[in-house]
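Topology and contacts: notes
For reference, the chains in residue letters:
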Amino acid sequence: MRTIKAEEVTEALAKVAINANYDIGPEMLRAFEEALAAEKSEAGREVIRQIQENARIARQECVPYCQDTGFAVVFAEVGQEVHVEGNLTDAINAGIRKAYSEGYLRKSILSDPIQRKNTGDNTPAVIHYDIVPGDKIRLTFGAKGGGSENMSKQAMLKPADGLEGVKKFILETVSAGGANACPPLVIGVGLGGTFEKSCILSKKAAMRSPFHRNPDPFYAALEDELKERLNKLGIGPAGLGGTVTVLGVNIETYPCHLVALPVAVNINCHADRHGEVEL
Amino acid sequence: MAEHKLKTPLSDADVQKLRIGDTVRLSGTIYTARDAAHKRMIEGLDKGQPLPFDIKGSLIYYVGPSPTKPGAVIGSAGPTTAYRMDPYAPRLMEIGMKGMIAKGKRSEAVKEAMQKHKVVYLGATGGAAALIAKCIKKCDIIAYEDLGPEAVRRLEVEEMPLIVVGDAYGGDLYIEGRKQYEVR
């Protein structure tokens, strides 16, 4: 049994969270380059150039890429041979508290959805735990902006709706909400499982690099097809009209019930901020 | 698509020159307000209380900046999505607001009120928050400090890069721009 101190988790996560908010990372920068080359609208190209310049300023001056530094979402894969000395959930929240205070990140979390009082430190995080083999802890952090989250949707389709129904739902969701979600977007799709499983999968997918395809060739091809079709919607960068609405479509799947076809679409903005650390 | 350099406050004539797709470089004084501040301003008006700033000819920027680092004017300060302010905006247009700076689609009621009261909706690039902060030269909290990032701020801006996304003639770039590139 390997022992990891709770404080190590806190320190490592705080670093990842600050860095993700300042530095959008090489993969998104590559996606912006490709978007600039592909975009046909002059206004759209101007928006992409602003986004690139914004990324440069944020990284160089160590300031947040976007003022909405998001809900802290953490996928924690905990090896079953790890013993955490202390409280792991508290340690994760302490890491978020430290990052959002020391990194001058915005605190956007309210303690209650109706009474709406700010918690003051951007905690609690939304934490998804997974127990996995091994003696390590892997934390994947995402800073999920509220504007794009608000445009996300889930549907319990009928099995008869099939693949065409799934495509239609994804196209309709992006068509209706894409302009408000700070395009160019990364689209996370969760397909299968139960109601809540599809949503968690869609979040996982939205936090994946737009260059990593689903390992199943069928879904990899579907990701490519959906990207092409979504870019024909005409929404364009910042929603001002154009040929680049999405940078990528990522699909994650899970087995599902014989009467069900759950599909969730989690929309991520161009401020697709995420990072990982393994302890 | 014309390019305009505008200075605040805005007159009806300033607004009537603008058409969707035009670019604007805005300089002068603007005010920030978003969800909670709008709610409070409207509740105040209902009780006969004055607004925390002179609304005549003013522009409101829908933004909740990130905290200011030591030595900086303001934190990152990109626009928030506008539709959440739709229930409040027409009321402010009635009493003299001339422009809104934000991102995203507006309701029909807002677009009608913009035509009636000659108001422009200027789009800032969502997420370009570090870039936009560079145009902000001064920032003072003038009301509702308890709201934190949602407090009302008076900003001095220089050459803020904006695009006309809604004009006083009913034009909506989110609809018209998309039409040009949508492949059915």
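This write-up is about the structure you can find in this document. Here the structure is a predicted model, which is why all the values come from computation and not from measurement. (Residues numbered from 1 in each chain as written. Chains lettered and ligands numbered in written order. Predicted model: local features only at pLDDT ≥ 70, side-chain atom pairs only at ≥ 80, totals over all residues.)

**Some remarks on the overall build of chain B**
In terms of helices and strands, chain B carries six helices and seven strands. With respect to the three principal axes, the spread of C-alpha positions in chain B is 45 × 40 × 30 Å. For chain B, buried positions account for 50% of its 184 residues. Within chain B, contacts between residues at least 6 apart in sequence are counted, and of these 63% link residues at least 24 apart. (Helix = DSSP H or I, 4+ residues; strand = E, 2+ residues; numbered from the N terminus. Buried ≥ 20, exposed ≤ 12 C-beta atoms within 10 Å, placed from the backbone. Contact = placed C-beta atoms within 7 Å.)

**Let's talk about the packing of helix α1 (residues 6-22) of chain A against helix α4 (residues 88-102) of chain A**
Residues and elements named next belong to chain A. Relative to each other, α1 and α4 sit at 35°, their axes nearing to 7 Å. For the element pair α1 and α4, the recorded crossing hand is right-handed. Facing Ala6, Val9, Thr10, Leu13, Ala14, Ala17 and Ile18 of α1, the residues of α4 in contact are Leu88, Asp90, Ala91, Ile92, Ala94, Gly95, Ile96, Lys98 and Ala99. Along the lines of polarity and charge, the residues of the contact of α1 with α4 split into 12 nonpolar, two polar and two charged. (Axes fitted to C-alpha atoms, helices over the stretch in contact; angles between N-to-C directions. Left-handed = near helix turned anticlockwise from the far one by under 90°. Nonpolar A, V, L, I, M, F, W, Y, C, P; charged D, E, K, R; others polar.)

**Let's talk about the sheet that holds strand β7 (residues 185-192) of chain A**
Residue and element names in this part refer to chain A. The mixed open sheet is built from four strands, whose spatial order is β6-β9-β7-β8. With partners counted over all chains shown, the strands left at the sheet margins are β6 (153-157) and β8 (246-254), one partner each. This sheet shows a mean twist of 15° between the axes of neighbouring strands, independent of strand direction. The pairing of β7 with strand β9 (residues 261-268) spans six bridges and is antiparallel. Of the residues in β9, the one forming a bridge with Gly190 is Ala264. Sitting on the sheet, helix α7 (residues 195-206) touches β6, β7, β8 and β9, and the angle it makes with β7 is about 150°. Packed on one face of the sheet, helix α8 (residues 217-230) meets β7 and β8 and runs near 145° to β8. (Pairing = 2+ DSSP bridges.)

**Quick notes on the environment of Gly64 of chain B**
Structurally, Gly64 of chain B is set in the loop between β3 (59-61) and α3 (89-94). Owing to 26 C-beta atoms within 10 Å, Gly64 of chain B belongs among the buried residues under this scheme. Along the sequence, Gly64 of chain B and Arg34 of chain B sit 30 residues apart, while their C-alpha atoms lie 7.1 Å from each other. The contacts of Gly64 of chain B, once residues within four sequence positions are left out, are Gln67 and Arg106 of chain A together with Arg34, Thr80, Pro149 and Glu150 of chain B.

By themselves, these are just geometric observations and shouldn't be taken as functional.
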